[in-house]
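Structure at a glance
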Amino acid sequence: MKILYFAWMRERIGTGEETLTKPETVHTIQDLITYLSTRGEGYAAAFEVHMLIRAAINEEHATLDSPVTDQDEIAFFPPVTGG
Amino acid sequence: MKILYFAWMRERIGTGEETLTKPETVHTIQDLITYLSTRGEGYAAAFEVHMLIRAAINEEHATLDSPVTDQDEIAFFPPVTGG
Amino acid sequence: MLTVRVEIDDFNQGQEIAALQKKRTDIGAIVTFTGTVRDMTGTLTSLTLEHYPGMTKRELERIGQDAITRWNLLGCTIIHRYGTLKPGENIVLVITTAPHRGDAFKAAEYIMDYLKTSAPFWKKETTKTDSTWVDAKDTDDQAKDRWS
Amino acid sequence: MLTVRVEIDDFNQGQEIAALQKKRTDIGAIVTFTGTVRDMTGTLTSLTLEHYPGMTKRELERIGQDAITRWNLLGCTIIHRYGTLKPGENIVLVITTAPHRGDAFKAAEYIMDYLKTSAPFWKKETTKTDSTWVDAKDTDDQAKDRWS
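Calculation criteria
- Residues numbered from 1 in each chain as written.
- Chains lettered and ligands numbered in written order.
- Predicted model: local features only at pLDDT ≥ 70, side-chain atom pairs only at ≥ 80, totals over all residues.
- Heavy atoms only, no water.
- UniProt positions renumbered as here; feature names shortened; annotations may be inferred.
- Helix = DSSP H or I, 4+ residues; strand = E, 2+ residues; numbered from the N terminus.
- Buried < 20%, exposed > 50% of the residue type's maximum accessible area, 1.4 Å probe, protein only.
- Contact = heavy atoms within 4.5 Å.
- Areas by Shrake-Rupley, 256 points an atom, 1.4 Å probe, with all protein chains shown as cover.
- Axes fitted to C-alpha atoms, helices over the stretch in contact; angles between N-to-C directions.
- Parallel < 35°, antiparallel > 145°, perpendicular 65-115°, else oblique.
- Left-handed = near helix turned anticlockwise from the far one by under 90°.
- Nonpolar A, V, L, I, M, F, W, Y, C, P; charged D, E, K, R; others polar.
- Pairing = 2+ DSSP bridges.
- Buried area = accessible area lost by both parts, 1.4 Å probe.
- Salt bridge = Lys/Arg side-chain N within 4 Å of Asp/Glu carboxyl O.
- Polar contact = N/O pair within 3.5 Å; in protein donor to acceptor, adjacent residues only side chain to side chain.

The name given to chain C in an unreviewed UniProt entry is Molybdopterin synthase catalytic subunit, with the source organism recorded as Kordiimonas sediminis. Under the Function (unreviewed entry) heading, UniProt states for chain C: "Converts molybdopterin precursor Z into molybdopterin. This requires the incorporation of two sulfur atoms into precursor Z to generate a dithiolene group. The sulfur is provided by MoaD." In the Catalytic activity (unreviewed entry) part of its UniProt record, chain C is described as follows: "2 [molybdopterin-synthase sulfur-carrier protein]-C-terminal-Gly-aminoethanethioate + cyclic pyranopterin phosphate + H2O = molybdopterin + 2 [molybdopterin-synthase sulfur-carrier protein]-C-terminal Gly-Gly + 2 H(+)".

Per an unreviewed UniProt entry, the recorded name for chain A is Molybdopterin synthase sulfur carrier subunit, and the organism is Kordiimonas sediminis. Under Sequence similarities (unreviewed entry), UniProt gives the following word-for-word description of chain A: "Belongs to the MoaD family."

What follows is the structure, encoded as structure tokens:
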């Protein structure tokens, strides 16, 4: 799966994009957040305020229980502030 | 007093502006309408739908009971339709 | 801060917005309303706007000033044309600038609602066969009443 | 009928309005909203807008289409800039055209409320001393909720 990070999540993690093989334990966005949070300090810092994190699957807004597959493009980002 | 007429009131009366000496019986806009209505067919036609007539005194919106003097500029017009 | 013009000539929205923005960095939101000559039946040749010259500018200034008192605005421009216009042409332009969008939107709507019911302009529609004065709309009175 | 652009370059409101008006005589009302870079403290050097390129255009199109479904619109243009902007510069432009002003006003407000809460853009403010990501505002969520 391809994973994208934006704004301060990107800065804390240190990259805007990475590709990884979906772990077997990961079925939903919530599972993926739990998994990514364990990957180091930067990830832990990026995901620490769960309430604030938004996700998209294949360029559409998603929720914590949205299912994810290994073919998906997943994006994580803070609440949007455009306009 | 100077009296101005606009839109279809002007067309029915046949002039957009006239000057007349305030009759002694005229103290308010309502009195003036009553007086002007008797001045001929055009006036009668212009003032026939009382409900629709708006008035201004010295370029400010007025009501039927607003007092008028011989020094005033009085305007009569239909409901406005600009914008 | 408040500019009111009643004129024959057309306006350009981009130019009028730029005049309000000039050298300012405290504006966050700019709303414009443009009213245009609408040909409802496909038979309109022209629209003629008559007005009460002494009163129109003063009335538009009063409405603009009321909006400035009521909302947090940084600038306001009201331009209303008169004379004979073709279908599709511009009639009126209202611009409001503010720190926040809510104020800019509400103030522009407020100005249009009051302009429609109290600024002394009258429209006459001309087709190939005749000319008719446009009737005032009850919906305009209702729109105004929501602010009181 | 719906035009959406996400780009670095600035826009001109007059020109974008003219593109929607071109050869049409059924429009009666045109509303524009322009969002600009506001310097709240007098210390802002620049504002940088990051976005999610694959998703922004699609999301703005969805919002614009929702507005068209909901109100009687004749045209709609949404332009959002990204990159680094100076205080006072334009960020976003929304234009709605309609037969009547109520539809044009409501649709423009609706589009801005949804854009503010769902289009994937993020603002970072840079001053002489540091750079900070702008926090999302609760008032924007509240503004959106009034449409449901």
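1. Quick look at the overall build of chain A
Counting secondary structure elements, chain A contains three helices and five strands. What you see in chain A, going N to C, is helices and strands ordered as β-α-β-α-α-β-β-β. C-alpha atoms of chain A, sized along the principal axes, occupy 35 × 30 × 20 Å. Of all 83 residues assigned to chain A, the portion counted as buried reaches 49%. Of the contacts formed within chain A by residues at least 6 apart in sequence, a portion of 56% connects residues at least 24 apart. Accessible surface for chain A amounts to roughly 4100 Å². Of this, 52% is attributable to carbon and sulfur atoms.

2. Topic: the packing of helix 3 (residues 101-118) of chain D against helix 4 (residues 138-145) of chain D
All names here are of chain D. Two elements in contact, helix 3 and helix 4, have axes separated by 9 Å at closest approach and are oriented at 135°. By the criterion of interaxial angle, the relationship of helix 3 to helix 4 is oblique. Note on packing geometry: the crossing formed by helix 3 with helix 4 is left-handed. Across the interface between the two elements, D113, Y114, K116 and T117 from helix 3 touch D140, D141, A143 and K144 from helix 4. Residue composition of the contact of helix 3 with helix 4, grouped by class: two nonpolar, one polar and five charged.

3. So, the sheet that holds strand 3 (residues 54-57) of chain B
All names here are of chain B. Strand order in this open sheet of five strands is 2-1-5-3-4, and the pairing throughout is mixed. Strands with a single pairing partner mark the edges of an open sheet, and in this sheet they are strand 2 (17-19) and strand 4 (60-62). Mean inter-strand twist for the sheet, computed between neighbouring axes without regard to direction, equals 25°. Pairing of strand 1 (residues 2-5) with strand 2 involves three bridges; the strand directions are antiparallel. When the bridges of strand 2 are listed, I3 appears paired with E18.

4. Things to note about the interface of chain A and chain D
Every contact between the two is made by 20 residues of chain A and, on the other side, 26 residues of chain D. Both sides together, the interface formed by chain A and chain D hides about 1900 Å², and carbon and sulfur atoms give 56% of it. Among the residues of chain A in contact with chain D, E59, T81 and G83 of chain A are the three that bury the most area, contributing 36% of the side total. Along the contact surface separating chain A from chain D lie four salt bridges. Across the salt bridge formed by E50 of chain D and R10 of chain A, the nearest N and O atoms sit 2.5 Å from each other. Along the contact surface separating chain A from chain D lie 14 residue pairs in polar contact (both at pLDDT 80 or more). Where the side of chain A that touches chain D is concerned, the elements lending two or more residues are helix 1 (7-13), strand 4 (60-62) and strand 5 (73-77) of chain A. Split into classes, the residues belonging to the side of chain A that touches chain D amount to ten nonpolar, five polar and five charged.

5. Details of the interface of chain C and chain D
Taken together, the 36 residues of chain C in the interface contact 36 residues of chain D. Each partner contributes to the roughly 2800 Å² buried at the junction of chain C and chain D, and carbon and sulfur atoms together form 49% of this total. Between the two partners, chain C and chain D, sit four salt bridges. Its salt-bridge partner being R101 of chain C, residue D140 of chain D comes within 3.0 Å of it at the nearest N-O pair. At the surface where chain C touches chain D, the tally comes to 16 residue pairs in polar contact (both at pLDDT 80 or more). Looking at the side of chain C that touches chain D, the elements with two or more residues in it are helix 1 (13-21), strand 2 (29-36), helix 3 (101-118) and helix 4 (138-145) of chain C. Among the elements that line the side of chain C that touches chain D, the one with the most residues is strand 2 of chain C, at eight residues. Across the side of chain C that touches chain D, the residue classes break down as 13 nonpolar, 13 polar and ten charged.

6. Structural notes on the pattern of salt bridges
Evaluation of the coordinates by the stated rule reveals 40 salt bridges over all chains. Residues R58 of chain D and E59 of chain A are paired through a salt bridge, measuring 3.9 Å at the closest nitrogen-oxygen approach. Within this pair, whereas R58 of chain D is found in helix 2 (residues 53-70), its partner E59 of chain A is found in the loop between strand 3 (54-57) and strand 4, the two belonging to separate chains. One salt bridge in this structure joins R58 of chain C and E60 of chain B, with 2.9 Å as the shortest N-O distance. Of this pair, R58 of chain C sits in helix 2 (residues 53-70) while E60 of chain B is found in strand 4, placing the two residues in two different chains. Assessed through its relative accessible area of 36%, R58 of chain C is described here as partly exposed. Salt bridges here are not isolated pairs; linked through shared partners, they connect R101 of chain C together with E109, D113, D140 and R146 of chain D.

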